[in-house]
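Below, each chain spelled out in residue letters.
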Amino acid sequence: MKFAVIVFPGSNCDVDMFHAVQDELGEEVEYVWHDADDLSEFDGILLPGGFSYGDYLRSGAIAHLSKVMSEVKKAAQAGKPVLGVCNGFQILLESGLLPGAMLRNKDLKFVCKPAQLKVENNETMFSSLYSKGEKVTIPVAHGEGNYYCDEATLQQLQANQQIVFTYTDNFNGSLESIAGIVNEQGNVLGMMPHPERAVDELLGSADGLKLFQSIVKQWRESHVVNA
């Protein structure tokens, strides 16, 4: 399976994402600059964390206008897995690939720490190797991770089981403790915690590795690859 790590001016977690895929997952991966106009050679798209365009206007507001995002939308429409982490999640929200918006953390402070998450839905291509209700430790590092949506959208997320991860300690004020959601089709995941920073026990946790392994498992099964 071949992944693209999309790099925007101001991305700073792209190397972490690349390492997670190449060295821990053992799959092929390339950096792709934000002005790329073709992602057809890639099987999965990864939008890393950071401060794209300095978070000017608001987080992800400028990045979602980048040329590459039209290609990311094409990949999503084609059913390819698209993962946006932290700033990548914010970009997915700004682009309309996922519903809702991000507010400042409830205490108006940047939070950087290991966070415990609960797996709410393990029937997605991103979470199939977890158990429903499983508690996992994934680090967070954000100042605008307070997820918000209107009541109608929340009801839709709940009815469609689009809430994949929640915080056990809602430190940032997110609606319903939401940490990660998928689109209705289930192939676009946005999450504020950083699974790429939890792929080896040396980093303090390897709980994020199963997310990437779940993606590969689904891809291999859909492509009948035995490896």
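Residues numbered from 1 in each chain as written. Predicted model: local features only at pLDDT ≥ 70, side-chain atom pairs only at ≥ 80, totals over all residues. Heavy atoms only, no water.

(A) Inspection of the nonpolar core at higher detail. Judged by nonpolar contacts, the single largest core of 71 residues is most densely connected at Ile-45, Leu-47 and Phe-165. Looking at this core, the element that brings in the most residues is helix α5 (residues 209-223), giving six residues. Excluding residues that lie within four positions of it along the chain, Phe-165 makes contacts with Leu-117, Lys-118, Val-119, Glu-120, Tyr-130, Ser-177, Ile-178, Ala-179, Gly-180, Leu-189, Met-191 and Leu-211. (Core = buried A, V, L, I, M, F, W, Y, C linked by side-chain atoms within 4.5 Å. Buried < 20%, exposed > 50% of the residue type's maximum accessible area, 1.4 Å probe, protein only. Helix = DSSP H or I, 4+ residues; strand = E, 2+ residues; numbered from the N terminus. Contact = heavy atoms within 4.5 Å.)

(B) Region of interest: the UniProt feature "active site" (unreviewed entry) in the protein. If you check UniProt for "active site" (unreviewed entry), the listed places come out as Cys-86, His-194 and Glu-196 in our numbering. Spanning 111 residues, the named residues nonetheless gather at one spot, since no C-alpha pair among them exceeds 11.0 Å. Those residues in contact with Cys-86 that sit more than four places away from it in its chain are Gly-49, Ala-141, His-142, Met-191, Met-192 and His-194. Within the element layout of this structure, Glu-196 appears in the loop between β11 (188-191) and α5. For Glu-196, the residues in contact, after removing those within four places along its chain, are Cys-13, Asp-16, Met-17, Ala-20, Val-85 and Phe-212. (UniProt positions renumbered as here; feature names shortened; annotations may be inferred.)

(C) Region of the structure containing the sheet that holds β11. One open sheet accounts for nine strands, arranged β2-β1-β3-β4-β11-β10-β9-β6-β7; its pairing is mixed. Looking along the sheet, the strands with just one partner apiece sit at the ends: β2 (28-33) and β7 (135-142). This sheet shows a mean twist of 25° between the axes of neighbouring strands, independent of strand direction. Helix α1 (residues 14-25) rests against β1 (2-7), β2, β3 (44-47) and β4 (82-85) of the sheet, and its axis sits at about 165° to β2. (Pairing = 2+ DSSP bridges. Axes fitted to C-alpha atoms, helices over the stretch in contact; angles between N-to-C directions.)

(D) Just unusual backbone geometry, in detail. Not every positive phi belongs to a glycine, and Gln-161 is a case in point at roughly 55°. For Gln-161, the location among the structural elements is in the loop between α4 (151-159) and β9 (163-167). Classification of Gln-161 as partly exposed rests on a relative accessible area of 46%. Located in the positive-phi region is Glu-176, a residue other than glycine, with phi close to 55°. Mapped onto the secondary structure, Glu-176 falls in the loop between β9 and β10 (178-182). The class for Glu-176 is partly exposed, based on a relative accessible area of 47%.

(E) A look at helix α3 (residues 87-95). Most of α3 is tucked away, with eight of its nine residues classed as buried. Turning to α3, its buried residues number three or more, namely Asn-87, Gly-88, Phe-89, Gln-90, Ile-91, Leu-92, Leu-93 and Ser-95. Gly-96 sits one or two residues past α3 and shows a positive phi near 85°.

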